[in-house]
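What follows is the residue order along each chain.
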Amino acid sequence: MIRLAASSVAVVGLALAASLSAAFWLNRLAGPGEAQAAVVVAAPVDPAPARGSAAQVVKAADGHFWTEADIDGRAVRVMIDTGATVVALTLDDAARLGLRPNEADFTQTVRTASGPVPAAPVRLDRVSVGRAQVQGVEALVLKDGLPHSLLGMSYLGRLSAFEATPTGLTLRP
């Protein structure tokens, strides 16, 4: 039997609303030259399935799910965010991963709490939380306006399932 707390349903509902809102505004803000950039960020036609075993992430005191993700062999502290369409990296985290986009690479604009921010699409070879691993993950490097990196749906959506409970989050490859 699956039990859902009212707070879990509310969180999922808010995440869905945020995702739809972001998609709407990204679509409205996209000019004729940005349509091709959006294709770069889209998931591969036949992505490899996630592999490994289930991972548990404990809910933090602030109500968020924080974890150390292994991104291309390096530990990156991320907040799991079902409202983020893709994995979003701060400039600092991207630099630690060896990703240093040029000014010309910032071909997209995303809306953050701080307002519109330029973003550079990148592809990550491997992202793991615990033993839940996904290869070929699309991501964005945000120029500014992001206090911490986000583990979004370009990773989560490739899992077979993820389940939130009042105390934690289970990621299933």
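One can find the structure itself at the top, above this paragraph.
By convention here, each chain's residues receive numbers from 1 onward along its written sequence. Since the coordinates come from a predicted model, pLDDT governs what is reported: local features require at least 70, and pairs of side-chain atoms require 80 or more to be given and counted, while whole-chain, interface and lining totals use all residues. Water and hydrogen atoms were dropped before computing side-chain values, which therefore reflect all heavy atoms in the structure.

**Student:** Looking at this structure, how should I read the overall build of the protein chain?
**Tutor:** Where helices and strands are cited, they refer to DSSP runs of H or I of at least four residues and of E of at least two residues respectively, numbered from the N terminus. Tallying secondary structure elements over the protein chain gives four helices and 11 strands in all. Only protein chains enter the accessibility calculation, which uses a 1.4 Å probe; a residue is then buried when its area is under 20% of its type maximum, exposed when over 50%, and partly exposed in between. Burial status across the protein chain gives 37% buried among its 173 residues. By definition, residues are in contact when any of their heavy atoms lie within 4.5 Å. Across the protein chain, contacts joining residues at least 24 apart in sequence account for 62% of those joining residues at least 6 apart. Only the protein chains shown count as cover for residues, and the accessible areas themselves come from Shrake-Rupley with a 1.4 Å probe. Put simply, the protein chain shows about 9,800 Å² of open surface, and 58% of that area lies on carbon and sulfur atoms.

**Student:** Looking at this model, I keep getting lost on the nonpolar core. Mind explaining?
**Tutor:** Generally speaking, soluble globular proteins have nonpolar side chains that are buried together. Residue types Ala, Val, Leu, Ile, Met, Phe, Trp, Tyr and Cys, when buried and joined through side-chain atoms within 4.5 Å, form a set referred to as a nonpolar core. By size, the foremost hydrophobic cluster in this structure holds 30 residues, and its most contacted members are Leu124, Tyr155 and Leu171. With near-sequence residues (within four places) excluded, leucine 171 lies in contact with Ser53, Ala54, Ala55, Val57, Ile80, Val129, Ala132, Tyr155, Leu156, Leu159, Ala161 and Phe162. Among the nonpolar cores identified, the runner-up in size contains 12 residues, and Val86, Ala88, Val110 and Leu146 belong to it.

**Student:** Explain the pairing of strand E4 (residues 74-80) to me, please; I cannot follow it from the model alone.
**Tutor:** Residues in a regular strand project their side chains so that they alternate between the two faces of the sheet. Taken together, the six bridges between strand E3 (residues 66-71) and E4 define a ladder with antiparallel strand orientation. Residue pairing in the sheet places glutamate 68 in a bridge with arginine 77 of E4. The loop that links E3 with its antiparallel partner E4 comprises two residues; one of these, aspartate 72, has a positive phi angle of about 50°. Should DSSP find at least two bridges between two strands, the strands are regarded as paired. With three bridges joining them, E4 and strand E9 (residues 149-151) adopt parallel strand pairing. Bridge pairing links valine 78 to serine 149 in E9.

**Student:** Where do I start with the pattern of salt bridges in this structure?
**Tutor:** Side-chain pairs of opposite charge can arise where the charged atoms are in close proximity. Counted as salt bridges are all cases of a side-chain nitrogen of Lys or Arg within 4 Å of a carboxyl oxygen of Asp or Glu. Under the counting rule described, the total for this entry stands at five salt bridges. Aspartate 93 is the partner of arginine 96 in a salt bridge, and the nearest nitrogen-oxygen pair spans 3.5 Å. Separated by three residues within a single helix, arginine 96 and aspartate 93 lie in helix H3 (residues 91-96), roughly one turn from each other. By relative accessible area, which is 11% here, aspartate 93 ends up buried.

**Student:** Would you mind showing me how to read the sheet that holds strand E11 (residues 168-172) here?
**Tutor:** Sheet strands pair via backbone hydrogen bonds, and the direction of the pair is either parallel or antiparallel. Taken together, three strands build an open sheet; the order of strands is E2-E11-E10 and the sheet is antiparallel. In this open sheet, the two edge strands, each paired with only one partner strand, are strand E2 (55-58) and strand E10 (161-164). Taking each pair of neighbouring strands and ignoring which way they run, the sheet shows an average axis angle of 15°. With four bridges joining them, E10 and E11 adopt antiparallel strand pairing. Interaxial angles span 0 to 180 degrees and are taken between N-to-C directions of axes, which are lines fitted to C-alpha atoms, for helices over the stretch in contact.

**Student:** Quick question: what am I supposed to make of the environment of leucine 99 here?
**Tutor:** Within the fold, leucine 99 resides in the loop between H3 and strand E6 (108-112). As for leucine 99 and valine 141, which are separated by 42 residues in sequence, their C-alpha atoms are 8.5 Å apart.

**Student:** I tried to follow the side chain of serine 154 on my own but got confused; where do I start?
**Tutor:** Take serine 154: it is sitting in helix H4 (residues 153-156). Residue contacts for serine 154: discarding those within four places in its chain leaves Thr85, Val86, Val87, Val137 and Glu138.

**Student:** Got a minute to help me understand the packing of aromatic side chains in this structure?
**Tutor:** Aromatic ring pairs are reported here in terms of the distance separating the ring centres and the angle at which the planes meet. Here a pair means two rings of Phe, Tyr or Trp (six-membered ring of Trp) with centres within 6.5 Å. Their orientation is stacked below 30 degrees between planes, edge-to-face above 60, and tilted elsewhere. This model, assessed by the stated rule, comprises zero aromatic pairs. Lying across the ring of phenylalanine 106, lysine 143 places its NZ or CZ 5.1 Å from the centre. Any Lys NZ or Arg CZ that is within 6 Å of a ring centre and within 35 degrees of that ring's normal is treated as a charge sitting over the ring.

**Student:** What am I meant to see in the side chain of arginine 158 here?
**Tutor:** Within the fold, arginine 158 resides in the loop between H4 and E10. Setting aside chain neighbours within four positions, we find arginine 158 in contact with Pro47, Ala48, Ala50, Val134, Gln135, Gly136, Val137 and Met153.

**Student:** Would you mind showing me how to read the pairing of E3 here?
**Tutor:** Bridge analysis of E3 against strand E7 (residues 115-129) gives two bridges, and the strand direction is antiparallel. Each bridged residue has a counterpart across the sheet, and for isoleucine 71 the counterpart in E7 is valine 127.

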